[in-house]
Every structure is written in C-alpha cells, then in structure tokens.
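For reference, the chains in residue letters:
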Amino acid sequence: MKRNADAPVGWPVDDSHNPSVATFVTDLDDLAPVVDFGLWYWAVGSRHVAASPQLLKLIDLQGTGAGLGLGVALAMIHPEDRRGTLAKLAAILADRQAREHEFRIVRADGEPRVCWSKLRPIVEDGAVVAVRGTCLDVTHLRETEARAREREEDYRHIIELSPQKPWVADSSGNILSMGTRWTAITGLSTDEALGTGWMKAVHPDDLEAAASMLRTAQDRQPLVDGRYRIRTADGTYRWMRTRGYPRKDANGEIVRWYGLTEDIHEQVEAEQSLREGEEHYRHAVELSPQIPWTADKWGNITEVGPRWLELMGMDLQSTLGQGWARALHPEDVPATYTIWSDCLETGAPLDVRYRLKHVDGEYRWVRARARPRLDESGQIVRWYGVAEDIDDQVRAEGALVKAEERYRLATQATNDLIWDWDVASERVEWTRSLVDGFGYPIEELGTHLDWWGEHIHPDDRAATLNSFHDAVDGASKKYLAEYRFRRADGSYATVCDRAFIVRDEHGRAVRAVGAMQDLSERKLAEEKARWGATHDYLTELPNRRLFQERLEHALALAVAGGGKVGLLHLDVDQFKQINDALGHGAGDTLLRTLSSRLRDVIRPCDTIARLGGDEFAIILPNLDSEQDLADLIGRLLERMREPFAYDGRVLDCRASIGASLHPQHGSTPEELLKHADIALYMAKAMNRGGSVVYEHRMREEMRKRSSMVTRAREAIREDRLIAYYQPKVDLQNQNRIVGFETLLRWQDPQHGIQLPMTLEAAFEDLEVAAAISDRIIEHAIRDMRRWLDLGLDFGHVAVNAAAAEFRRDDFAERVLQKLAEAQVPTSCFQLEVTETVFLGRGAEYVDRALKLLSSHGVQIALDDFGTGYASLRHLKQFPVNIIKIDQSFVRGMMEDPEDEAIIRAVVGLSENLGISVVAEGVETNAQHDGLRAIGCSYGQGFLYSRAVCPSSVPELLTRSNTRGGVLSHVA
C-alpha cells in the first residue's frame, strides 16, 4: 500500500478502492433500514471512513454516500474532546481491546451533539487491520439527566429555604414526616410532630379548627385547608395555614397526604387591618357628603359610593362603565366628555363641574375631581376620584356674579366714576372708570383728596370745594354738585357728583362714597337735540319749525319798520327721476349741492330752510322793491343752472321758484307761504327751471286744477270713463286696419264726451292715474271680447300703461288674469309705454312685468320714441316689438329735413332689429306718401280716422275691408 504524502505521520495510506471496504459499504446499506443508530468502519491506514446513512444524517452530511474523509471526521469532533478520541483509537490499535467512548461533535450545520460510541478492533494475523463502531446520539439523554439533577438541587434548596413546612401524612391524616422548619419555628423536634403530636402547639382557641382538618382528611375529602395559631419557640403565637392534597392508588383510595404549612401571620394581621380600614372607610363614606368612585384606565366607572345610588336613584349596574353619564345635563355633556377625554389622554388630574339629575328630577351642580394611579412605567392603572355636591356653592357664586355684573353694568350704564374717600387718611380710591372714562393711568386709582381739587376747573374750584367741605363738616349725609373735571388729555368734562357721607356715633364724617357722572355726552346730546329740533341733518339748513319762527320775526320787523319781506318757495326739478334712476345717494348729493349754491347767493340776513323732501324756502327781509326780489331770483336761477358731477355723470341742479311778497301778497306767514306755493305750482306747470311771482289770478288756476282731480275721481267712482279707439293702418298694404290704440274719453254730466286734457291735473296724482289706467284696460278687454263674439278681425288693441301701474309688482299678472278670464288671446293685446316708465321708481318691476307679458305673447310698443333719452339702450334691455314715432317728427317731416332724417334712421334701425314702426299724428296725404316711401310700416292719425266709440268699430272695419282701406274712403 502506498502512503499519501499529505497524511499524518504514523497513519496508513488512503485505500478507498480496497475490496473489503467496498463490501462493508454494501453491508451498511443493507443494514440501514433496520439500525436506529450510526455505524462506521475504518480500515487502518485508509484516509476514508465508511459510514451508514444514519451516521451521515447524525452529523448532517446526507447525500455524500458511505464515504467520509478521515480528516473531516476528526475535524467534526469537538476540539476539547479530539485528543481523548485519538487516544482511544491509539489504545485500541495497541492492545486490540474494545472500548466505549463518549464525546461531542459539531455537526456540519454548527449544532453541537453528544455521541456515545462502542469501538471494536478487527484483528487479522495478530494485527488490527480495521476499527468499527457504533455511534449513538445521546444529546437528549444527557440534557434530561442534567435537568433532573438541577431540579433535585432546586427542590432541596426550596425546601431548606422556604418559609413553608412540607409534611406527609397517612390516609387518616397522621403525620409521617415533617420538614425541618417545624423545629426552627416551634422549638419542637420533628418527632414530636408525628401522628397528631403537632396539635400540642396549636392555640387552645383554634383546636377545633385543627381537629376539623383531621376530620376532613379522614372523610377522604379532596383537599385539606385550614388556619390556626401555633405557639412559637419564644412563646408567642403566629397564624399558620395548612393545605394538603391526597395521592390515590389505582382504585381511587387515598394512600398519602402531601401538604405545606406556611406562616401567614403578617397576612392575617394585614387582613385584619384592612377589614378595620374598610370598616372605617365605609363609615366615613356613608357619613361624607362626597361620593367616592374609581374608574379603569379608559375612564369606565368600576366602583361608586352608596350615596350615588341614594341621590341619583340609579342602581350600580346602570351606573358602571359610562352609564353614569345618563344623569348628565344635556348642555354639559360635550364639555364634560372633552375634559374627561383630555385627562385620560394626558394623565392630568381631573377637575370638572357639571349638573346631575337627582332622584327627584332636579338638576344639581356637582364637582368631580380625580387623579390617576400609575405603574412603574408611568402608565395609568386606575383613576380614583370623588364627586361633591356644590349646587349651593354654584348658586351662591352665580348670585354673587350677577350682583357684581349688575353693579358693573349699572356703573357702565350710568357712566359713573365711583369714588371712596377715607377721612382719616385723606385718600380717595377711584374705580376703573377713572382710566376708561377720563384717561388717567391705572396708578392714579388711589389719590389724595388734593388731587381731586387740583383737577376741578379753576372757575369752578372754589365753589365746589366749599360746597364739599360744608357738607362734610355739617350734619348732612348727602352731597351734590355739578362742575367741570379735567380729563387726562387736558379737556374738561361736565360732571354731576353725588355722595353719601358716613358718620360715626358722634356725627363726625369718617367716610364718603360717591358717584361722579360724566354729563358731557348728555350736554352734547342736548345741544345736538336742540339743534336737530330746528335744523335738517342732511343739508344742515333750518327746518320748517325754525323757518316759521324766523318768518314770523321777519314779518314783525317789517310791520314795525315798514319794509318788505320776500318769500321764495323752491322745488328741485326732476328730483324724483334722479332719485329713482341713480339712487338716494345721488338725490342726497343733489340736495346738499343745491343748499351750498343757495348759501353762495343769499345775503347774510336771509334764511334758507329745507321744508322737506326737495322743497326749500328762502326768507328775504329788508327788500326795497319788487326789483330787488327779481334780481335775487335771477342770481339764484343762474347759479343753479350750473350742472354738477356725480359718479361719473353730469346732472342738472335746477329748481323751479315760486315767489310772494309782503305786504302785497299777504300779511301773515300762512298767506305768504300759500301764495308762494301757488306760484311754484304754476312755475312747474308752465316753465320748469324758471320762476313765477304770485298773482291773484293764480288762485283761480289752482282751483281749476284741483277741480280736475276731483272730476277724475268722480268719473272713476261713477264709471264715466270711456275707451275710444283710433285705428292703425298698414301703409304698405292698401291702408288696411291692423289694430287700434285705446284713447281715454270721459262723460261729463253737463257737457257730454270730454277729452283727456280736461283731466290733465289728475294724471299728476299717481293713485288716480293708476285707477284710470286700470279702468281703460278693463274696457278694452271687454270690447275685444264683444268683437271676437261678432267674428270681427280687429287685429289688436293697444293700451297705454301709466308709470304708476308698474309700482305694483303684480301688474303683468293682473293683465294676464283679466285676459284669461275674458278668454281674449294675448296676441290681440298690445301694451304701450313711454321711456319715462323705464326711468321712474320701480324700474325693476317694469323689467319683470314687460318680460312676463312678452313671454305670454303680449306685444310691447315704445310710445313717443325719440322725445326722451337712452332709447337705444332701452331697445336692447326691454322686449320691445313696436316703435311709435312721435307726432312731432311726423308733423315737421315735410318742412324740416332733420325730422325726415330722424324718421328714416328710426325705420332703418327698426328694420335691422326686426321691430315694427308706427308713425303717429299722420294728418296729410303728403305725410302719408312720405312715410310710405321711406318704408314705414304703419300709420295712425286723423288722416285715416279720428278715435271712435266702441260701437263704431265694426262699421270702421267693414269699410276698411270692402273699400280698399280707410284712407281711400277718407280721401
């Protein structure tokens, strides 16, 4: 055999191809299924060790076959056991004797194992040629043995060190053995304790308890457990507890009792102390007004004192957890839960107030306080708290707060500065009103009496101090004075100072408590009220009251001195339109501007007054002649003609003036004002923006206009208003009638049918104008219904709507309702409006009404087009279907090229916008031909027909349809 140069000296050469080795490997494979431990075989001199699969598994080298390198095998032996293992092999080779060997290996996966091996030499010709062996894994066995030894040692130490005394008894409870601790405690030997000898050390009062334990054992009970006192070696008695458990045989019969006796003296004393403490606590709780409670770390109530059950009428089970919260006042639930949740999260102490519902149904205030108990890591273990009824306290606090609040509010309401003067120290204590009301620093809330005197106005000081000292030195208990007191900024406040003087039993003043009331605002308010009673706040001019006084004074001086007094009554032109179109801000600005301009013109001796709304009056005393009056009026008109700007717009600032003169036009204020008012009315009717001086004939004119309104009211009341109809013809289609415009007429009992101009003044009364418009609309709808019943094709009927109609937001609804009730199609009805309707008050109602009517098929006509302003904007803003060219343009179209150009422009614009055009006031054939040539669609005027009564309309329609139009007949 060859030796491997790498093999250790003295070891045979590797010969893994030896037939014997191969045969052994085969044998091992056959044995593997029936052998439960590893086998190995080593041929002396070989570098390989044949190993069974069980051995390879043991050392975690599965899958390497039956061969194992000798070096690998030796390397797997624990380093501390390797030398001993090699020594065993060497001994076997030397004396050819089998040996046993226990050693540790380190598996391929690093896990240590303990192995036991039987090594047997194979001897041929007196020499060892191989060594074979078994290998058994005894790791678990050795570990089990080690644990057993450790448990035995632990048990021995426990028995020796434990305060408990182990014992063993027979099936009847007679002690067979007793632990050595018995002697240490009692001073008696363990032999003396055997049998029932241990009962000699039992306290006489506890012998019955000890005997009961014996009877329990003798009755074959499953457990012995009892307490009693044992006399110790020093003669004192200590409490012991004995417990024992039986060991039974296969038949269930008790064979032995095994038990322990332990010293529980401290425990019993603690229990006794605890019982005493609990009893003490129980009495304290029952007598205490507070309700103790505990909660777990999540805030759930776990215990609550008996007073809770008594006061709240809730049983324990319904109180625990969160059940207690059902007694909370609903208003206190959110705040209570918020505070409790914050405490649970942070561990902060709880202190909260809330109301609880008592058994009688009444809510009472309670204060709950609690602190958490923490474990060693700082975590909350439990909450301990008390709930205390504080209802009386809260009510008292509330009463105090209310009293203090009443005092504070009373002080603030009266604007009083409360002061308290101590006579002995001469010190005055002031309330905070000295800071808030008079501006002094807070440091001066306590001052000397001299400080007060120094802050009185110099002109008031002597009298005020004398009055104060007289009251103090006298017998009075009250002091009252009014004077000026200096503020911190140097200004003076007028104050009313009241005080109550406190006197001792001898009548001497010892204290004075007073209230200083600041009268400055009251004085200012009184002055402002006096001014406001005689002046207008907007313009700051005298009002009607002061005007009356000054007019009476001026007339009295004039009578005494023989002079003349002029009176002007002014009314702003277009004020209402400006106010409605641009808002009250524009109107107010206009009034202030006018007032300023009037002031610029009048003389210092004159008086301007605002009588109300847009009416002004000027008193002009000391006039020498009527020419002085005219000159002054001229200057006023000229100044007012200047326009003014507002919000980017240029507006007129004009007014109409009516004038009267003393003594020619009256000797009393009433006469002068009445006559100036009549002159103003005439100025507005004839010459807006101008002036009129009163003449006696104007009274008759006023009477006539007043009579117009009266006649109109009577005509409405007696149903004497009549609707007449003027036809509209198609200029491009043989002048056929396409519709009618409704015109007002009225029946006068003495003079028959009258034109609207005889009621002209009535249209200035908005109420009357709206009533007239309502009545004419009703007549028109009634007449249309009659014509429809006759089968007449009248086209449409147009009715003019007064501006006053639109100030009622339901105008459109009322018209549509009347049409529906009469079953007149909306296509038969047209509504004519002028541009003034768009500009007046309630323009937003106009927009809504016109759009609502248009959406139901009513056509809208814009009347008198071109005479107003902003017409193009109105065509875009409102649903206009028809434009009516004002008769002033038609009348002048044949002589004035500008009028013709305007008509052409309107016709062209309307054609582009899809709007029809009606020319009003057509009276000549030349006008008719001109309009037709321009392309105007429709015409209306005396040329075709005057307005006719409803009964004449059928005949007019018949002539139009059978004779080629009205024009051919008229012509």
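Reading the values: the criteria
Residues numbered from 1 in each chain as written. Predicted model: local features only at pLDDT ≥ 70, side-chain atom pairs only at ≥ 80, totals over all residues. Heavy atoms only, no water. Helix = DSSP H or I, 4+ residues; strand = E, 2+ residues; numbered from the N terminus. Rg over C-alpha atoms; globule rule 2.2 N^0.38 Å. Buried < 20%, exposed > 50% of the residue type's maximum accessible area, 1.4 Å probe, protein only. Contact = heavy atoms within 4.5 Å. Phe/Tyr/Trp six-rings, centres within 6.5 Å; stacked < 30°, edge-to-face > 60°. Lys NZ or Arg CZ within 6 Å of the ring centre and 35° of its normal. Patch = residues over 30% accessible without salt bridge, like charges linked within 9 Å, V, L, I, M, F, W, Y side chains within 5 Å. Areas by Shrake-Rupley, 256 points an atom, 1.4 Å probe, with all protein chains shown as cover. Salt bridge = Lys/Arg side-chain N within 4 Å of Asp/Glu carboxyl O. Lys, Arg positive; Asp, Glu negative; His and termini not counted. Charge placed at Lys NZ, Arg CZ, Asp CG, Glu CD. Polar contact = N/O pair within 3.5 Å; in protein donor to acceptor, adjacent residues only side chain to side chain. Expected span 1.5 Å × (residues − 1). Arc of directions from axis to C-beta. Pairing = 2+ DSSP bridges. Axes fitted to C-alpha atoms, helices over the stretch in contact; angles between N-to-C directions. Parallel < 35°, antiparallel > 145°, perpendicular 65-115°, else oblique. Left-handed = near helix turned anticlockwise from the far one by under 90°. Nonpolar A, V, L, I, M, F, W, Y, C, P; charged D, E, K, R; others polar.

The name recorded for the chain in an unreviewed UniProt entry is PAS domain-containing protein, from Croceibacterium soli.

Colleague: Outline the overall build of the chain, supporting the account with residue identities and numerical values.
Modeller: Check the secondary structure of the chain and you find 32 helices and 38 strands. By the compact-globule yardstick of 30 Å for 971 residues, the chain is too spread out, its C-alpha radius of gyration being 64 Å. Dimensions along the principal axes, computed over C-alpha positions, put the chain at roughly 175 × 115 × 70 Å. For the chain, the residues scored as buried account for 43% of the 971 residues in total. Contacts spanning at least 24 positions in sequence make up 54% of the contacts within the chain whose residues lie at least 6 apart.

Colleague: Now, about the packing of aromatic side chains: what can you tell me, with residues and values included?
Modeller: This structure, assessed with the given rule, holds 17 aromatic pairs. Each ring, one from Trp-419 and one from Phe-468, has its centre 6.4 Å from the other, and the planes form 65°; the classification is edge-to-face. Taken together, the positions of Trp-419 in strand E17 (residues 416-422) and Phe-468 in helix H15 (residues 458-473) put the pair 49 residues apart, joining distant regions of the chain. Classification of Phe-468 as buried rests on a relative accessible area of 2%. One Lys or Arg, Arg-946, reaches over the ring of Phe-942 and ends 4.0 Å from the middle of that ring.

Colleague: Give me the lowdown on a negative patch on the surface, citing residues and values where you can.
Modeller: The grouping of Glu-549, Glu-552, Glu-670 and Glu-671 at the surface amounts to a negative patch. Those elements giving two or more residues to the negative patch turn out to be helix H17 (544-561) and helix H21 (669-686). Assignment of secondary structure puts Glu-549 in helix H17. Judged by relative accessible area, Glu-549 falls into the partly exposed class, the value being 42%.

Colleague: Explain the environment of His-779 to me, using residue names and the numbers behind them.
Modeller: Assignment of secondary structure puts His-779 in helix H23 (residues 766-789). Looking at His-779, the relative accessible area reads 7%, which means it is buried. Those residues in contact with His-779 that lie beyond four places of it in its chain are Asp-719, Leu-721, Ala-723 and Tyr-725. Polar contacts involving the side chain of His-779 include one to the side chain of Arg-782, which spans 2.6 Å.

Colleague: An account of helix H11 (residues 333-346) is needed here, citing residue identities and associated values.
Modeller: For H11, with 14 residues, the first-to-last C-alpha span of 20 Å sits near the 20 Å given by 1.5 Å per residue. When we look at burial in H11, the residues that qualify are Thr-336, Trp-340 and Cys-343. Projected down its long axis, H11 shows its buried positions confined to an angular sector of 60°, all on one face. Looking at H11, the residues exposed on the side facing more than 90 degrees away from the buried face are Pro-334, Glu-345 and Thr-346. Here the buried face of H11 lies against strand E12 (291-296), strand E14 (350-357) and strand E16 (380-389).

Colleague: I'd like to hear about the side chain of Arg-720, residue by residue, with values.
Modeller: Here Arg-720 lies in the loop between helix H22 (698-717) and strand E30 (721-730). Side-chain polar atoms of Arg-720 contact the backbone oxygen of Gln-747, separated by 2.7 Å. Setting aside chain neighbours within four positions, we find Arg-720 in contact with Glu-714, Ala-715, Arg-745, Trp-746, Gln-747, Asp-748 and Pro-749.

Colleague: Give me the lowdown on the pattern of salt bridges, citing residues and values where you can.
Modeller: Tallied over the full model, the rule gives 54 salt bridges. Across the pair Arg-364 and Asp-391 runs a salt bridge whose closest N-O atoms are separated by 3.6 Å. Of this pair, Arg-364 sits in strand E15 (residues 363-374) while Asp-391 sits in helix H12 (residues 391-414), and the two are 27 residues apart along the sequence. Taking relative accessible area as the criterion, Asp-391 reaches 1% and is therefore assigned buried. We note a salt bridge from Arg-814 to Asp-774, for which the minimum N-O separation is 3.3 Å. Here Arg-814, found in helix H24 (residues 811-822), pairs with Asp-774, found in helix H23; they are 40 residues apart in sequence, far enough to count as distant. Like Asp-774, Arg-814 is buried. By sharing partners, the salt bridges in this structure join Glu-362, Arg-364, Asp-389, Asp-391, Asp-392 and Arg-395 into a single network.

Colleague: Just give me the short version of the pairing of strand E28 (residues 655-662), but keep the residues and values in it.
Modeller: For E28, the buried fraction is high: 8 of the 8 residues fall into the buried class. Burial along E28 is two-sided: the residues Ala-655, Ile-657, Ala-659 and Leu-661 and Ser-656, Gly-658, Ser-660 and His-662 are all buried. Here strand E23 (residues 564-572) runs beside E28; their pairing, made up of 8 bridges, is antiparallel. For Leu-568, the partnering residue across the bridge sits in E28 and is Ala-659. Across 3 bridges, E28 lies against strand E29 (residues 691-693) in parallel orientation. Residue pairing for E29: Ile-657 is matched across the bridge by Ser-691.

Colleague: How would you sum up H17? Please name residues and give values.
Modeller: Between its first and last C-alpha atoms H17 spans 25 Å; for 18 residues at 1.5 Å apiece the expected length is 26 Å, and the two agree. When H17 is considered as a whole, its buried residues turn out to be Leu-546, Phe-547, Leu-551, Ala-554, Leu-555 and Ala-558. Taken down its axis, H17 places every buried residue within 165° of arc, on the same side. In H17, the exposed positions that point more than 90 degrees away from the buried face belong to Leu-557, Val-559 and Ala-560. Taken together, the buried residues of H17 touch E23, strand E24 (607-612), strand E25 (615-623), E28 and H21. Where H17 starts, the residue carrying a side-chain oxygen 3.2 Å from the main-chain nitrogen of Arg-545 turns out to be Asn-543. The first or second residue beyond H17 is Gly-562, which carries a positive phi of 80°.

Colleague: Before we move on, could you go through the environment of Asp-296 and cite the residues and values that matter?
Modeller: Along the polypeptide, Asp-296 turns up in strand E12. Among the residues examined, Asp-296 registers a relative accessible area of 15% and is labelled buried. Among residues more than four places away in sequence, those in contact with Asp-296 are Thr-302, Val-381, Arg-382 and Trp-383. There is a polar contact of 3.0 Å between the side chain of Asp-296 and the backbone nitrogen of Trp-298. At 2.9 Å, the side chain of Asp-296 and the backbone nitrogen of Asn-300 are in polar contact.

Colleague: Pulling in residues and values, what's your account of the packing of helix H19 (residues 584-601) against helix H20 (residues 626-640)?
Modeller: Contact pair H19 / H20: the axes reach a minimum separation of 10 Å and the direction vectors enclose 140°. Taken together, the axes of H19 and H20 lie oblique to each other. H20 is crossed by H19, and the crossing has right-handed handedness. Counting all contacts with H19, which are made through Leu-594, Arg-597, Leu-598, Asp-600 and Val-601, the residues of H20 involved are Leu-632, Arg-635, Leu-636, Arg-639 and Met-640. Grouping the amino acids of the contact of H19 with H20 by side-chain chemistry returns 6 nonpolar, no polar and 4 charged.

Colleague: I'd like a rundown of the sheet that holds strand E13 (residues 301-304), residues and numbers included.
Modeller: Across the sheet, which stays open at both edges, the 5 strands sit in the order E13-E12-E16-E15-E14 with antiparallel pairing between neighbours. Edge positions in the sheet fall to E13 and E14, since each of these pairs with one other strand and no more. On average, adjacent strands in this sheet sit at an angle of 25° to one another, irrespective of strand direction. With 3 bridges joining them, E12 and E13 adopt antiparallel strand pairing. Across the sheet, Thr-294 pairs through a bridge with Glu-303, a residue of E13. Packing of H11 onto the sheet brings it into contact with E12, E14 and E16, and relative to E14 it is tilted by some 145°.

Colleague: Give a detailed account of the side chain of Asp-81, specifying residues and quantitative values.
Modeller: Positionally, Asp-81 belongs in helix H4 (residues 79-95). Its relative accessible area of 15% is what places Asp-81 among the buried residues. With residues near it in sequence (within four places) discarded, Asp-81 still touches Phe-103 and Arg-104.

Colleague: Mind laying out the pairing of E12, listing which residues take part and the relevant values?
Modeller: Most of E12 is tucked away: 6 of the 6 residues are buried. In E12, alternate side chains face the same way, and those of Ile-291, Trp-293 and Ala-295 on one face and Pro-292, Thr-294 and Asp-296 on the other are all buried. Relative to E16, E12 runs antiparallel, the two sharing 6 bridges. Paired with Trp-293 across the bridge in E16 is Gly-385. What sits between the antiparallel neighbours E12 and E13 is a turn of 4 residues, in which Gly-299 has the positive phi angle 90°.

Colleague: A description of the sheet that holds strand E8 (residues 175-178) should follow, citing residues and the corresponding values.
Modeller: Strand pairing in a sheet relies on backbone hydrogen bonds, with the paired strands running either antiparallel or parallel. One open sheet holds the 5 strands; their spatial order is E8-E7-E11-E10-E9, and the pairing between them is antiparallel. Each of the sheet's edge strands pairs with one partner strand only, and the pair in question is E8 and strand E9 (224-231). For this sheet, the mean angle separating the axes of adjacent strands, direction not counted, is 25°. Where E9 lies against strand E10 (residues 237-248), 8 bridges are found, and the strand directions are antiparallel. By the bridge assignment for E10, Arg-229 is matched with Trp-239. Along the sheet, helix H7 (residues 207-218) contacts E9, E10 and strand E11 (254-263); its crossing angle with E9, the most-contacted strand, is approximately 145°.

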